[in-house]
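Residues per chain, in single letters:
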Amino acid sequence: MKKHNFSAGPCILPKEVMQKASEAVVELDGIGLSLIEISHRSKEFVAIMEKARSLALELMGLEGKGYQALFLQGGASMQFLMTAYNLLDKKAGYVNTGTWSQKAIKEAKLFGEIVEVASSQAENFNHIPKGYSIPSDLDYLHLTSNNTIFGTQIKEFPKTNVPLVCDMSSDIFSRQLDFSQFDLIYAGAQKNMGPAGTTLVVVKEDVLGKVSRKIPSMLDYSVHASKESMFNTPPVFAVYVSMLTMQWLKDLGGIAAIEEINERKASLIYSEIELNPVFSGFAAKEDRSIMNATFNITDEGLKEVFDGMCKEAGISGINGHRSVGGYRASMYNALPLESVGVLVDIMSELEKKG
Ligand code: PLP
């Protein structure tokens, strides 16, 4: 049966990428050896890493603009501390928009003073705070562009002279942005890029080298940049698959092309949620994420019927996160529009039954 995977991760990738990746595990491009058994210093893998790094910058329009793209390990969670280790000298600001922002704040507090410049915690993170002021003496301001759990997304980023650091783990490469407004972007691969195991970090060279503390080599962006993201053995499979996905995206027409598809998927599901009295959306309308749609069922008595209908249609992974409840339909880049159509048909069929 055809499956429709609405899971929040990891990891939703185009079928052709999965196919090519699995072939490379057996044998990489006719070289007689597997991707995962060749040396990471071999010319074949060095070329893969270089391509992955340059595709990341190309897709974001950051080539030749003083940025480095790195594929590191430790997940986005490692970036919670690495950003602070490398950039926080005295004081940094954080916008608290949910679980992942809170985790970033917790780690950063180990390195300096943290100002929570805005928070939507009092409303269980159902919106993105706006109109807050940003102290000018911050080393950086940290934002989470898409809140995977709560289904909110920053649509307009603050205009400030303070360097911007952004966790884009769950919406990287999903919509067009002026990426040059950020000084550091990080994203775990496992939503829109590749399998878990690597994290993309795109950092502006200018912001590095400004803190007074000593930084251990493995946690120092400058070290990784100077070694072209090969300071130690990289996670070769995760980097290779990320490269394939970025190439797939480029061939599709880049971020502009996928954004159009993502907008169509999002408007399909959100119009159903708005019109169908059996469902109610969780996130404030103007902040709704195009990646993760969070919603509840208004009549709990229909839950079992809905779950059964979803199962029968091959829909998987739409249970909401425990801190929000209800449902969450994650619609990452590789989820076809057709899958959202299947879900929406079931939702409207349920209304007729209810
Ligand atoms: N940031 C965001 C926005 C996430 O959605 C997640 C995981 O889902 C993380 C950070 C943590 O990522 P990791 O598990 O790679 O540490």
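These numbers were taken from a predicted model, which means no experiment stands behind them.

This part covers the environment of L335. Along the chain, L335 falls in the loop between β14 (327-330) and α9 (337-353). Using a relative accessible area of 3% as the deciding quantity, one classes L335 as buried. When neighbours within four sequence positions are excluded, L335 is seen to be in contact with N5, F6, I12, K265, S330 and V340.

When the parts of a complex come together, some accessible area is lost, and that lost area is often used as the size of the interface. Segmenting the protein chain into domains produces domain 1 (15-252) and domain 2 (255-353). Between domain 1 and domain 2, the contact holds 28 residues from the first and 26 residues from the second. Note that D287 and K130 form a salt bridge whose closest N and O atoms lie 3.0 Å from each other. There are 16 residue pairs in polar contact (both at pLDDT 80 or more) connecting domain 1 and domain 2. Elements with a minimum of two residues in the side of domain 1 that touches domain 2: β7 (152-153) and α6 (236-252). Per-element tally for the side of domain 1 that touches domain 2: the top contributor is α6, with 3 residues. Grouping the amino acids of the side of domain 1 that touches domain 2 by side-chain chemistry returns 11 nonpolar, 12 polar and 5 charged.

Here we take up the sheet that holds strand β12 (residues 292-297). A sheet is described by the order of its strands in space; here 3 strands give the open sequence β11-β12-β14, paired in antiparallel fashion. With one partner strand each, in any of the chains shown, β11 (279-281) and β14 form the two edges of the open sheet. Averaged over neighbouring strand pairs, the angle between their axes works out to 35 degrees when direction is ignored. The pairing of β12 with β14 spans 4 bridges and is classified as antiparallel. Residue pairing across strands places T294 opposite R328, the latter belonging to β14. Along the sheet, helix α8 (residues 303-312) contacts β11, β12 and β14; its crossing angle with β14, the most-contacted strand, is approximately 25 degrees.

This next bit is on the site of the ligand. As a matter of local geometry, the ligand sits amid 13 residues, with S77, T148, D167, Q190 and K191 nearest to it. Taking T148, its side chain carries an N or O atom lying 2.5 Å from an oxygen atom of the ligand. Here K191 contributes a side-chain N or O atom positioned 2.9 Å from an oxygen atom of the ligand. Top element by residues in the shell around the ligand is helix α3 (residues 75-87). It accounts for 4 residues.

So, on to the pattern of salt bridges. Across all of its chains, the model carries 12 salt bridges by this definition. The partner of E44 in a salt bridge is K43, and the shortest N-O contact between them spans 3.2 Å. Taking relative accessible area as the criterion, K43 reaches 68% and is therefore assigned exposed. The closest approach of N and O atoms between K303 and D307, which form a salt bridge, is 2.9 Å. Of the two residues, K303 and D307 both sit in helix α8, 4 residues apart, roughly one turn of that helix. Exposure remark for K303: the relative accessible area of 28% places this residue in the partly exposed category.

In this fold, N262 is placed in helix α7 (residues 254-275). On the accessibility criterion, N262 (0% relative accessible area) is buried. At a separation of 3.1 Å, a polar atom in the side chain of N262 contacts the main-chain carbonyl oxygen of S174.

A few words on the UniProt feature "domain: Aminotransferase class V" (unreviewed entry) in the protein chain. UniProt annotation of "domain: Aminotransferase class V" (unreviewed entry) refers to residues 5-340 when read in the numbering used here. The span residues 5-340 is 33% helical and 17% strand by assignment, and the distance between its end C-alpha atoms comes to 10 Å.

Mapped onto the elements, L268 comes out in helix α7. Between the alpha carbons of L268 and G341 there is a distance of 7.4 Å; along the sequence they are 73 residues apart. Non-local contacts of L268, meaning those with residues more than four positions away in its chain, are made with L337, V340, G341 and V344.

Before going further, it helps to spend a moment on the nonpolar core. Ranked by size, the top nonpolar core spans 56 residues in total, and within it F45, M60, I172, F173, L200, V202 and Y240 carry the most contacts. If sequence neighbours within four positions are ignored, I172 has contacts with M60, I185, A187, N192, M193, L200 and N333. Residues I269, Y270, V278 and I315 belong to the second largest nonpolar core, which totals 32 residues.

So, about α3. Here α3 is 13 residues long and its end C-alpha atoms lie 18 Å apart, about the 18 Å a rise of 1.5 Å per residue gives. Along α3, the sharpest kink reaches roughly 25 degrees, centred on L81. For α3, a buried count of 10 out of 13 residues is recorded, marking the element as mostly surrounded by other parts of the structure. For α3, the set of buried residues is A76, Q79, F80, L81, M82, T83, A84, Y85, N86 and L87.

How each quantity is defined
- Residues numbered from 1 in each chain as written.
- Predicted model: local features only at pLDDT ≥ 70, side-chain atom pairs only at ≥ 80, totals over all residues.
- Heavy atoms only, no water.
- Helix = DSSP H or I, 4+ residues; strand = E, 2+ residues; numbered from the N terminus.
- Buried < 20%, exposed > 50% of the residue type's maximum accessible area, 1.4 Å probe, protein only.
- Contact = heavy atoms within 4.5 Å.
- Domains from an automatic or database assignment.
- Salt bridge = Lys/Arg side-chain N within 4 Å of Asp/Glu carboxyl O.
- Polar contact = N/O pair within 3.5 Å; in protein donor to acceptor, adjacent residues only side chain to side chain.
- Nonpolar A, V, L, I, M, F, W, Y, C, P; charged D, E, K, R; others polar.
- Pairing = 2+ DSSP bridges.
- Axes fitted to C-alpha atoms, helices over the stretch in contact; angles between N-to-C directions.
- Near = heavy atom within 4 Å.
- UniProt positions renumbered as here; feature names shortened; annotations may be inferred.
- Core = buried A, V, L, I, M, F, W, Y, C linked by side-chain atoms within 4.5 Å.
- Expected span 1.5 Å × (residues − 1).
- Bend = angle between axes of the 7 residues up to and from the residue.

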